[in-house]
Amino acid sequence: MSWNDCLYAYAKKHGGDYWGRMLDAWDGILRMEYRGEPVLIQALATGAGRYEPFYTFSAAFQITLERHFSCKIAPESTMVQGIKQITTRLSLSDNYGCPEITAKRAIKTDDKVFMKRILSNPELRQDLLDLPDFGVEIAPIALDSQYHQVHATVTQSKANNVLPFAGTEVPLFHDGYQPQVPDDFAPALDRLLQLAWNARKAATAWRMEPPAP
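Structure report, in brief. (Residues numbered from 1 in each chain as written. Predicted model: local features only at pLDDT ≥ 70, side-chain atom pairs only at ≥ 80, totals over all residues. Heavy atoms only, no water.)

Attention now moves to the packing of aromatic side chains. Aromatic rings considered in pairs are described by the distance between their centres and by the relative angle of their planes. Inspection of every chain in the model, using the stated rule, returns 9 aromatic pairs. Aromatic side chains Trp 3 and Phe 185 sit 6.0 Å apart centroid to centroid with 70° between the ring planes, which places their arrangement in the edge-to-face category. On the criterion of sequence distance, the pair formed by Trp 3 in helix α1 (residues 3–14) and Phe 185 in helix α7 (residues 185–203) is long-range, its members being 182 residues apart. Judged by its relative accessible area of 1%, Phe 185 falls in the buried class. The rings of Trp 3, Trp 26, Tyr 55, Phe 57 and Phe 185 are connected pair by pair, giving a single aromatic cluster. (Phe/Tyr/Trp six-rings, centres within 6.5 Å; stacked < 30°, edge-to-face > 60°. Helix = DSSP H or I, 4+ residues; strand = E, 2+ residues; numbered from the N terminus. Buried < 20%, exposed > 50% of the residue type's maximum accessible area, 1.4 Å probe, protein only.)

Rendered as structure tokens:
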């Protein structure tokens, strides 16, 4: 079983353009329509372990904003929770109007006012509570562009809880090879897509204020 096997099976059921090689476990990319908007699903090599790359699974939409904006909502972390307890007592922590989220997640942004508006979306807040291992990132595609990508992500270390893989070894010769796709892969990928969609919806629900003079 591999990422490619699972993503290809998902593409056969839901449609879209799948790109990937049979002899590779990780290069599968799926571009499909989700609620009428194009979305890109892929495994990104985001680090290196002792013997092999480390991957982050991503679902990404593209949006247009009035000006540059970036943010990163990290997965829940007990370390962050401990730090936040200290900074909250010292009144050094921004809770963006949703302390139930910010108490357990590190949030970085270059526009705190707009970030607070995004986190006022009830569907996004509920997803962040229901999916503690998932994160969200929004960033422009270039410094001079109004186009931004909205990513919902989960790292490989957390993915065993939500995108299960019994192994990623793919044989060189496929005689008798039978891909096995776990029943809970599709529902887990559906949750990743839902989080990306709700983050997209939250980011486009408000017009951005002009920058301060």
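A full pass over the atoms with the stated rule returns 5 salt bridges. Residue Arg 200 pairs with Glu 37 through a salt bridge whose shortest N-O separation is 3.6 Å. In this pair, Arg 200 is assigned in helix α7 and Glu 37 in strand β3 (residues 37–48), connecting sequence segments 163 residues apart. Residue classification places Glu 37 among the partly exposed residues on the basis of a relative accessible area of 27%. Two residues, Glu 100 and Arg 125, come together in a salt bridge whose shortest N-O distance is 3.7 Å. Here Glu 100, found in helix α3 (residues 99–102), pairs with Arg 125, found in helix α5 (residues 122–130); they are 25 residues apart in sequence, far enough to count as distant. Taking the relative accessible area as the measure of exposure, Arg 125 reaches 23% and is therefore partly exposed. (Salt bridge = Lys/Arg side-chain N within 4 Å of Asp/Glu carboxyl O.)

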